[in-house]
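Letter by letter, the chains look like this.
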Amino acid sequence: MSVPFLCLVWSRACGHNSVVLAVKPQILALSFGDDPINSGDTAAVQCTVVKGDAPIKIEWLFNGEPVVPGRRGTEVTKTGQKISALSVESVQAEHSGEYTCRASNKAGTDTQTVLLNVQVAPQILALSFGDDPINSGDTAAVQCTVVKGDAPISITWYLNGQEVRSGDGIEINKLGAKISVLSLEAAQARHSGEYTCRASNKAGADSQAAVLNVQGTAAGWRAAVP
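Throughout this description, residue numbers start from 1 for each chain and increase along the sequence as written. Predicted model: local features are reported for residues with pLDDT of at least 70 only, side-chain atom pairs are reported and counted for 80 or more only, and whole-chain, interface and lining totals are derived from all residues. With hydrogens and water excluded, all non-hydrogen atoms of the structure serve as input to the side-chain values.

Salt bridges are defined as contacts in which a side-chain nitrogen from Lys or Arg sits within 4 Å of a carboxyl oxygen from Asp or Glu. A complete count under the given rule lists 4 salt bridges for this structure. The partner of Glu163 in a salt bridge is Arg165, with the nearest N and O atoms 3.1 Å apart. A salt bridge links Asp168 to Arg190, with the shortest nitrogen-to-oxygen separation between them at 3.2 Å. In this pair, Asp168 sits in the loop between strand S15 (162-164) and strand S16 (170-174) while Arg190 sits in the loop between strand S17 (179-184) and strand S18 (193-201), placing the two residues 22 residues apart along the sequence. In this structure, Asp168 and Arg190 share a single accessibility class: exposed. One salt-bridge network, held together by shared partners, links Lys57, Glu59 and Arg102. The numbering of helices and of strands both runs from the N terminus, where a helix is a DSSP run of H or I of at least 4 residues and a strand a run of E of at least 2. Buried, partly exposed and exposed residues are distinguished by accessible area as a fraction of the type maximum, computed with a 1.4 Å probe on protein chains only: under 20%, between the cut-offs, and over 50%, respectively.

The next point concerns the sheet that holds S16. Strand pairing follows a simple DSSP-based rule, namely that at least 2 bridges must link the two strands. Spatially, S11-S13-S17-S16 is the arrangement adopted by the 4 strands of the open sheet, whose pairing is antiparallel. Edge strands, defined here as strands with exactly one partner in the open sheet, are strand S11 (123-124) and S16. Across 5 bridges, S16 lies against S17 in antiparallel orientation. Bridge pairing in S17 links Lys174 to Ser180.

What counts as a disulfide here is a pair of cysteine sulfur atoms lying within 2.5 Å. Under the defined criterion, the tally for this structure stands at 2 disulfides. There is a disulfide in this structure between Cys47 and Cys101, and the S-S distance comes to 2.0 Å. Across the disulfide from Cys47 to Cys101, rotation about the S-S bond amounts to roughly -75°, and the bridge is consequently left-handed. Within this pair, whereas Cys47 is found in strand S3 (residues 43-51), its partner Cys101 is found in strand S8 (residues 97-105), the two being separated by 54 residues in sequence. Assessed through its relative accessible area of 0%, Cys47 is described here as buried. Residue classification places Cys101 among the buried residues on the basis of a relative accessible area of 0%. One disulfide in the model links Cys144 with Cys197; its S-S distance is 2.0 Å.

Looking now at the confidence of the model for the protein chain. A score between 0 and 100, pLDDT records how confident the predictor is in each residue. Residues at a pLDDT of 70 or more form 87% of the protein chain, whose mean pLDDT is 88. Low pLDDT, under 50, characterises residues 1-11; the stretch is placed with 16 contacts to residues that sit more than four places away or in other chains. Between two residues, a contact is recorded if the distance between any of their heavy atoms is within 4.5 Å.

Here it is as structure tokens:
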């Protein structure tokens, strides 16, 4: 049984009753590796054409658009006729998306796509107990807001370097996945100090601190009352 082939080039060697078989490209599956890629890491993926007749054209696409080498920190390096590597020295959130390698010749085209998910470390807004002085017995509150970072995010509070939880006049409430509020209904001198909010995820951590200075003491206030 004869198998039909595609005749691309006629020559004396080919003969009138012969055809030249043209093989379209075939690409191996793409991968950025098994380890998570965090913001600031280097990411690289290699496109290897295992089959296909030369000449073969290899192109890279990012979310369906052609990749321009050198733009947005993305570099493309060709190794021989059938291997092309794409790399980003310091990935950021903007580099997350689908990367496609497309190989083509006169016989056809093949593509492979891989997803790059860049995990972004948390970023916290500056903390503040407000501009007004806080006296003994006043209510004090400070909000920790994570404006960037991939979930899940863990938020922890510290007072003078020691982890603090709800209790001893301190209340900690979480508002959603990225906001935590620390409050004191009746601030006392013992509550004075540096409060730090630390937010962390698999990509990294960030922290911000604010100083609470409670003016006066409950004992001093009682002594002033006749």
